[in-house]
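# Structural overview for review
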6 protein chains.
Amino acid sequence: MIYQILEKLDKKFHFEGAQAHCDIPCGIYDPSTAQIAALTVVRMMDLMADLAGGEEKSNVDFHNSMERYVTVKEEHAEKAKHEIRVIFGDFISDAHIADHPELPGLFHKIMKLGGKARQTADRENGVAFVEAINDFAEIFWAIKGVATKKAKAPYAPALETVYPDL
Amino acid sequence: MIYQILEKLDKKFHFEGAQAHCDIPCGIYDPSTAQIAALTVVRMMDLMADLAGGEEKSNVDFHNSMERYVTVKEEHAEKAKHEIRVIFGDFISDAHIADHPELPGLFHKIMKLGGKARQTADRENGVAFVEAINDFAEIFWAIKGVATKKAKAPYAPALETVYPDL
Amino acid sequence: MIYQILEKLDKKFHFEGAQAHCDIPCGIYDPSTAQIAALTVVRMMDLMADLAGGEEKSNVDFHNSMERYVTVKEEHAEKAKHEIRVIFGDFISDAHIADHPELPGLFHKIMKLGGKARQTADRENGVAFVEAINDFAEIFWAIKGVATKKAKAPYAPALETVYPDL
Amino acid sequence: MIYQILEKLDKKFHFEGAQAHCDIPCGIYDPSTAQIAALTVVRMMDLMADLAGGEEKSNVDFHNSMERYVTVKEEHAEKAKHEIRVIFGDFISDAHIADHPELPGLFHKIMKLGGKARQTADRENGVAFVEAINDFAEIFWAIKGVATKKAKAPYAPALETVYPDL
Amino acid sequence: MIYQILEKLDKKFHFEGAQAHCDIPCGIYDPSTAQIAALTVVRMMDLMADLAGGEEKSNVDFHNSMERYVTVKEEHAEKAKHEIRVIFGDFISDAHIADHPELPGLFHKIMKLGGKARQTADRENGVAFVEAINDFAEIFWAIKGVATKKAKAPYAPALETVYPDL
Amino acid sequence: MIYQILEKLDKKFHFEGAQAHCDIPCGIYDPSTAQIAALTVVRMMDLMADLAGGEEKSNVDFHNSMERYVTVKEEHAEKAKHEIRVIFGDFISDAHIADHPELPGLFHKIMKLGGKARQTADRENGVAFVEAINDFAEIFWAIKGVATKKAKAPYAPALETVYPDL
């Protein structure tokens, strides 16, 4: 609630800054792409752990699956980092940062967690990556004046995810 | 409602076919990426129409903007087509098609509408593209046993969009 | 022969539908790209089997080669699926499907075989992928009114491949 | 004929050099991808000329089409250059160059023609690009010991193209 | 000079933070890629202005060139933004930010200038983009303990550029 | 020194040939991108050797790291080959080759070394790849009339690298 009030004040006093102004500018920003990508990272970590702990497989099948999981994990961690950069770099204005001074630090933290999510298969770090992006999504939707809710994602790893309450 | 019942029967009698089995297989399919891309296509059509109808601009700025709109329209129409192909080709099984025999025709229609959305800037066709993908999303979520709702997208062009009701 | 006759009738009665109308539309469709990609998938499966069965190698060289084979297999299976989607989604019209009602099922089968070709290194599945794409190529060239022939591809794995008889 | 004889001698005396040794190495090289791409370049030039010379169109449709033709021309000219680089850089050995000393010059010429094909819409240059790649394909198949034939491509712009005679 | 001294203190007291730790981590970071990309953006702006102001050209050639300049400008502005994100997100640590508190603001400014460089052909903004990246490069090399110098880039637009003094 | 004199003569007598004429043409060519990529290849080889020789790691972490090193090595070897092709194919003219007749052979050698750098993790070959690209950079800058110097790269593997002396 506090966000919406701040946002309305913000809109009143910083009219230009509160406008979406992306690279087009088209105004279509949506953190869901980054959120799905981060969930996929955790899913790959789970599949990697299952594969490594599973019954013995033929050499070729083991390598085929392991490599594919690592590759998908790499791509989605990078995709999530890229999407967050687009929203932070193109949509978020100085006025937004004045209202949400935690944003630059949160952005930097997401980049670091995404890097670690590529370097390891540590599930705890993967979950922290998802949560930091949820925090970012929450601020984003607050800036847009859209209420949010939390729900389990409708697919594995079924972590709690922030959604706009449309 | 009918979908969920059919789906439960489907799960009972075609157990393997009803399992998600993507290219990994990881089970994370989400039509929202295609839906956002299709909305972006319509947004670009609107920006193109505005630009063409607007007051005179310097030549360079006009071309700079027009080309960027066309390029973004191209990329997002292709992205939407690709995402739908992944869900239709990797997730949708023969058992799903038996339950939803309209799926192959709907898939083919989406490909055609996406092609036209690249070839023209005809907004009516763009809206039809969004709607066909909404229809696809509705069937997809029904197969997954997740209820859906309709709401206006929280950004321009603010068309009615199918969301999972989580 | 039957295809050409049907095609001529088709051209006579469904003039618009029989026109090539790709995303440009430019009319340059050629299944050979998908066919070469599918042959490459089988080639990678053979190289993976050779590597796994070969004399012991240093750890680094084994991983270097295995990963490269898996990556190339992934890329070419996806490339073949993409190329077939372009022809099926952009070139194939409702009139073509009326004349060749097996097309939607064949398309769906190619997507599934391509998915399995990524998930495993099972050569039998790889060969089935090549053959299904050959079947698609045969129908494609029949629609275009171009005769076809079969010949072994001039490179490993030298599987029988459908070529236009120019 | 002379090529095949030279090639047999070459195989006898330069056994290692005559082996395919690509970046995998997998031995699947095929100039057809470059040839289709170069034909597409000429096709786009024709469509650009048609569009510019055609009856007046609405501004938006004209820009939409013109930009798409230019983009496709760019991509396919680059694709043709890339494919020829792969064959020349990975497959062609010093022994092949000793037997076909025109190869380095032909390679350099193809790069220049491809560059011009991007910079202009000059059809004559586009056709020269197709022909130089045909010359390259002829030498390539001769090195492989595969006979070639010439036939019109089965799609616009229907230029004469070198094919392996399988 | 002050940077090197601070950096030595930093190395002494924040040993872990001062280590390069990229996504691999491999330690190879170099802002020159972003700098070349930003110079290319300005070069395209100059070519666009020349083209628009030049003697009349045939319609097709004008559009061919204009579109290619816009596309290259788009790609290089995005490339510069991406490269700076990699260095800021992967290499720059909290300890670096403590020593150079202007970094988060400078990062955000570069993203905004890069966005504007895509949206317009305004040379002044393009030059500001180059200069902000120069500022970033200066801090980066100071953190690495490498002295820098300024020199005109050895190609158009020949703007003053920060180089490591090796 | 001799290069600069030859270059001046070249500029005097082959004025057109000495002009940069890239695919835009924009005149911004810089071998540093290829040089950084080749250094990265050697860095990955070192990391692969360290990993293989190191203390035992958990299965998942070993595969995660090894695959990422191989993938980065692949990408950067290809990137270096691509960048050298662009300079050789687009910038280098027949007049330049007349003045530097070793260029076509050096180009072909770089392609072969880059191929081997993908196929193996042999450091000696990786270093030869870096050195051949240094030789190419030296000739390039001589053609541009820019003096060069050698210095250790300011990051691992810290090999001697050719830089323009600005």
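Residues numbered from 1 in each chain as written. Chains lettered and ligands numbered in written order. Predicted model: local features only at pLDDT ≥ 70, side-chain atom pairs only at ≥ 80, totals over all residues. Heavy atoms only, no water.

Moving on to the overall build of chain A. Along chain A, the regular secondary structure elements total seven helices and two strands. What you see in chain A, going N to C, is helices and strands ordered as α-α-α-α-α-α-α-β-β. In chain A, which comprises 166 residues, the share counted as buried stands at 61%. Total accessible area on chain A is roughly 6600 Å²; 54% of this is exposed by carbon and sulfur atoms. (Helix = DSSP H or I, 4+ residues; strand = E, 2+ residues; numbered from the N terminus. Buried < 20%, exposed > 50% of the residue type's maximum accessible area, 1.4 Å probe, protein only. Areas by Shrake-Rupley, 256 points an atom, 1.4 Å probe, with all protein chains shown as cover.)

So, on to the interface of chain B and chain A. Put simply, an interface is often sized by how much accessible area is lost when its parts join up. In this assembly, 31 residues from chain B lie in contact with 31 residues from chain A. When chain B packs against chain A, close to 2400 Å² is buried across both sides, 64% of that on carbon and sulfur atoms. Summed over the three residues of chain B that lose the most area to chain A, namely I24(B), I28(B) and L166(B), the buried surface amounts to 29% of that side. Seen at the junction of chain B and chain A, the total is zero salt bridges. Among the elements of the structure, α3 (32-53), α4 (59-91) and β1 (148-152) of chain B are those that each provide at least two residues to the side of chain B that touches chain A. Looking at the side of chain B that touches chain A element by element, the count peaks at eight residues for α3(B). (Contact = heavy atoms within 4.5 Å. Buried area = accessible area lost by both parts, 1.4 Å probe. Salt bridge = Lys/Arg side-chain N within 4 Å of Asp/Glu carboxyl O.)

The next subject is the packing of aromatic side chains. Enumeration over the complete set of coordinates arrives at 33 aromatic pairs over all chains. Aromatic pair F140(A) and W141(A): ring centres 5.0 Å apart, planes at 75°, arrangement edge-to-face. The pair F140(A) / W141(A) is uniform in exposure class, with both members buried. Here F107(D) and F88(F) contribute two aromatic rings whose centre-to-centre distance is 6.4 Å and whose plane-to-plane angle is 10°, an arrangement assigned as stacked. One end of the pair, F107(D), is in helix α6 (residues 103-119); the other, F88(F), is in helix α4 (residues 59-91), on a second chain. The exposure class of F88(F) is buried, given its relative accessible area of 2%. Joined through ring pairs, the aromatic side chains of Y29(A), F91(A), F140(A) and W141(A) make up one cluster. (Phe/Tyr/Trp six-rings, centres within 6.5 Å; stacked < 30°, edge-to-face > 60°.)

A separate point is unusual backbone geometry. Here the amide bond leading from A156(A) into P157(A) is cis, since omega sits at 5°, within 30 degrees of zero. Mapped onto the secondary structure, P157(A) falls in the loop between β1 (148-152) and β2 (160-164). A positive phi is found at A158(E), a non-glycine position, where the angle reads about 55°. Here A158(E) lies in the loop between β1 (148-152) and β2 (160-164). Given a relative accessible area of 28%, A158(E) falls into the partly exposed group.

Superposition record for chain B on chain A: RMSD 0.0 Å, screw rotation 180°, translation along axis 0.0 Å. Each copy turns onto its partner about a two-fold axis. Looking at the rotation axis and the C-alpha trace of chain B, the residue lying nearest is T33(B), at 3.4 Å. Mapped onto chain A, 100% of the interface residues of chain B again fall at the interface, so both copies present the same surface. (Least-squares fit on C-alpha atoms with pLDDT ≥ 70 in both.)

Bringing the interface of chain E and chain F into the picture now. Contact with chain E, which involves 31 residues of that partner, is made by 31 residues of chain F. Both sides of the chain E and chain F interface together cover about 2400 Å² of buried area, and 64% of this is carbon and sulfur. It is I24(E), I28(E) and L166(E) that lose the most area in chain E upon contact with chain F, and together they represent 29% of the buried surface on that side. Applying the counting rule to chain E against chain F returns five residue pairs in polar contact (both at pLDDT 80 or more). Counting residues per element, the side of chain E that touches chain F draws most heavily on helix α3 (residues 32-53) of chain E, at eight residues. Across the side of chain E that touches chain F, the residue classes break down as 20 nonpolar, four polar and seven charged. (Polar contact = N/O pair within 3.5 Å; in protein donor to acceptor, adjacent residues only side chain to side chain. Nonpolar A, V, L, I, M, F, W, Y, C, P; charged D, E, K, R; others polar.)

What follows deals with the environment of Y29(A). Residues and elements named next belong to chain A. Mapped onto the fold, Y29 is located in the loop between α2 (15-18) and α3 (32-53). On the accessibility criterion, Y29 (4% relative accessible area) is buried. Put simply, Y29 and W141 are 112 residues apart on the chain and 10.0 Å apart in space, counted from C-alpha to C-alpha.

Below, the discussion takes up the environment of M45(C). Residue and element names in this part refer to chain C. On the secondary structure map, M45 appears in helix α3 (residues 32-53). When its relative accessible area of 2% is taken as the criterion, M45 is described as buried. Residues M45 and V70, 25 residues apart in the sequence, show an inter-C-alpha distance of 8.4 Å.

So, on to the packing of helix α4 (residues 59-91) of chain D against α6(D). Residues and elements named next belong to chain D. Between α4 and α6, whose axes approach to 9 Å, the crossing angle comes to 170°. When the axes of α4 and α6 are compared, the pair comes out roughly antiparallel. Across the interface between the two elements, K73, E74, A77, E78, K81, I84, R85 and F88 of α4 pack against L103, P104, F107, I110, M111, G114, G115, A117 and R118 of α6. Within the contact of α4 with α6, the residues separate by chemical class into nine nonpolar, two polar and six charged. (Axes fitted to C-alpha atoms, helices over the stretch in contact; angles between N-to-C directions. Parallel < 35°, antiparallel > 145°, perpendicular 65-115°, else oblique.)

Moving on: the confidence of the model for chain A. All names here are of chain A. This prediction gives chain A a mean pLDDT of 88; 85% of its residues lie at or above 70. Under a pLDDT of 50 for its full length, residues 1-22 has, in the predicted model, 33 contacts with residues more than four places off or in other chains. Across the interfaces of the predicted complex, the ipTM metric reaches 0.86, alongside a pTM of 0.88. (pLDDT = per-residue confidence, 0-100.)

For any two helices packed against each other, one specifies the crossing angle of their axes together with the interaxial distance. Residue and element names in this part refer to chain E. Where helix α4 (residues 59-91) meets helix α7 (residues 123-144), the closest approach of the two axes is 12 Å, and the angle between their N-to-C directions is 25°. It follows that α4 is roughly parallel to α7 by the angle criterion. Seen along the crossing, α4 lies across α7 with a hand that is left-handed. Of α7, the residues touching α4 (which contributes A77, A80, K81, I84, I87, F88 and F91) are F129, I133, F136, F140, I143 and K144. (Left-handed = near helix turned anticlockwise from the far one by under 90°.)

This part covers the relation of the copies chain E and chain F. Comparison of the two chain copies shows a relationship of rotation about an axis with a shift along it. Turning chain E through 180° and shifting it by 0.0 Å along the axis lays it on chain F, with an RMSD of 0.0 Å. Looking at the interface residues of chain E, 100% of them are also at the interface in chain F, so both copies use one shared face.

Another point: α7(E). Counting along an α-helix, one turn takes 3.6 residues, and residues three or four places apart therefore face a common direction. All names here are of chain E. Between its first and last C-alpha atoms α7 spans 32 Å; for 22 residues at 1.5 Å apiece the expected length is 32 Å, and the two agree. Capping the start of α7 is the job of one residue whose side-chain oxygen sits 3.1 Å from the backbone nitrogen of E124: D122. In the segment just after α7, G145 is the residue with positive phi, at about 75°. (Expected span 1.5 Å × (residues − 1).)

Counted at 1.5 Å a residue, the expected span for helix α6 (residues 103-119) of chain F with its 17 residues is 24 Å, and the 24 Å between its end C-alpha atoms agrees. Within α6(F) the residues assigned to the buried category are L103(F), L106(F), F107(F), H108(F), I110(F), M111(F), L113(F), G114(F), G115(F), A117(F) and R118(F).

Bringing the pattern of salt bridges into the picture now. Scanning all chains against the criterion turns up 36 salt bridges over all chains. With its nearest N and O atoms 2.8 Å apart, the salt bridge here joins E74(D) to R118(D). In this pair, E74(D) is assigned in helix α4 and R118(D) in helix α6, connecting sequence segments 44 residues apart. One exposure class covers both E74(D) and R118(D), and it is buried. In this structure, D46(F) and R123(F) form a salt bridge, with 2.6 Å as the shortest nitrogen-oxygen distance. Of this pair, D46(F) sits in helix α3 (residues 32-53) while R123(F) sits in helix α7 (residues 123-143), and the two are 77 residues apart along the sequence. Overall, D46(F) belongs to the buried group, its relative accessible area being 18%.

What follows concerns the environment of V42(D). Residue and element names in this part refer to chain D. Considering the arrangement of structural elements, one finds V42 in helix α3 (residues 32-53). Measuring from C-alpha to C-alpha, the distance between V42 and H76 comes to 9.9 Å, with 34 residues separating the pair along the chain. Apart from the residues within four sequence positions on either side, V42 is in contact with R123, G126, V127, V130, P157 and L159.

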